[in-house]
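# Understanding the architecture of this molecule
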Amino acid sequence: MTHDHAPAAKPVEIYTDGACKGNPGPGGWGALLTFGGEEREMFGGEAQTTNNRMELTAVIEALAALKRPTHVVLHTDSQYVMKGITEWIRGWKAKGWRTAAKEPVKNVDLWKRLDELAAGHHVEWRWVKGHSGHHGNERADELANRGVASIGR
């Protein structure tokens, strides 16, 4: 039996994080992608943003970097991203991108992009506690802070 989206033997491991100095304020995002002993670091920043937008952007940029449908294990320390993509998004879409309180979903542009990108991969979403010594998460945090530092250069 074959499947079009059969997971590869070894998944791509992705660690993402966002950072913001003030909320809103200058922000950065970072992602560490690992596969078969290879690593790729990614980061960027925005002059005026929020922490949640940077958390989402990190995941979006990491998934967008993948060249073909891939089995991904994605690690995030953001409950907002984790719950949004695994729980809340179905309801938002069913309600025309409105919350249970009938308010427009915040960051809807990013949620739509994430939904589109995630659909192209087999993604296992994993929440990790931030700043708890988890190697991949600590690296993503460093990259997000490099993203903040890169603003205005």
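Here, the structure is the one placed above.
Below, the structure is looked at part by part. Quick caveat, the model's predicted, so the values are computed rather than measured.

Given a rise of 1.5 Å per residue, 14 residues ought to cover 20 Å, and the 20 Å separating the end C-alpha atoms of helix H1 (residues 51-64) matches this to within 8%. Buried within H1 are the following residues: Met-54, Glu-55, Leu-56, Thr-57, Ala-58, Val-59, Ile-60, Ala-62 and Leu-63.

By the element assignment, Cys-20 lies in strand S1 (residues 12-20). As a C-alpha pair, Cys-20 and Gly-45 span 25 residues in sequence and 9.3 Å in three-dimensional space. In this structure, Cys-20 is in contact with Gly-25, Pro-26, Gly-27, Thr-49, Thr-50 and Asn-51, ignoring residues within four places of it in sequence.

Here the focus is the packing of aromatic side chains. Aromatic rings in a pair are described by how distant their centres are and how their planes are angled relative to each other. Taken as a whole, this structure holds three aromatic pairs when the rule is applied. For the ring pair Tyr-80 and Trp-111, a centre distance of 5.3 Å and an interplane angle of 65 degrees mean the geometry is edge-to-face. Of this pair, Tyr-80 sits in helix H2 (residues 79-94) while Trp-111 is found in helix H3 (residues 108-119), placing the two residues 31 residues apart along the sequence. For Tyr-80, a relative accessible area of 16% puts it in the buried group. For Trp-111, a relative accessible area of 0% corresponds to the buried category. Taking 5.9 Å as the distance between ring centres and 50 degrees as the angle between the ring planes, the aromatic pair formed by Trp-88 and Trp-92 counts as tilted. One end of the pair is Trp-88 and the other is Trp-92, both in helix H2 and four residues apart, which spans about a single turn.

Turning to the nonpolar core, a few remarks are in order. Ranked by size, the top nonpolar core spans 32 residues in total, and within it Ile-14, Leu-33, Leu-63, Leu-74, Trp-111, Leu-114 and Trp-125 carry the most contacts. Secondary structure elements with two or more residues in this core: S1, strand S2 (25-35), H1, strand S4 (71-76), H2, H3 and strand S5 (122-127).

Parameters and conventions
- Residues numbered from 1 in each chain as written.
- Predicted model: local features only at pLDDT ≥ 70, side-chain atom pairs only at ≥ 80, totals over all residues.
- Heavy atoms only, no water.
- Helix = DSSP H or I, 4+ residues; strand = E, 2+ residues; numbered from the N terminus.
- Expected span 1.5 Å × (residues − 1).
- Buried < 20%, exposed > 50% of the residue type's maximum accessible area, 1.4 Å probe, protein only.
- Contact = heavy atoms within 4.5 Å.
- Phe/Tyr/Trp six-rings, centres within 6.5 Å; stacked < 30°, edge-to-face > 60°.
- Core = buried A, V, L, I, M, F, W, Y, C linked by side-chain atoms within 4.5 Å.

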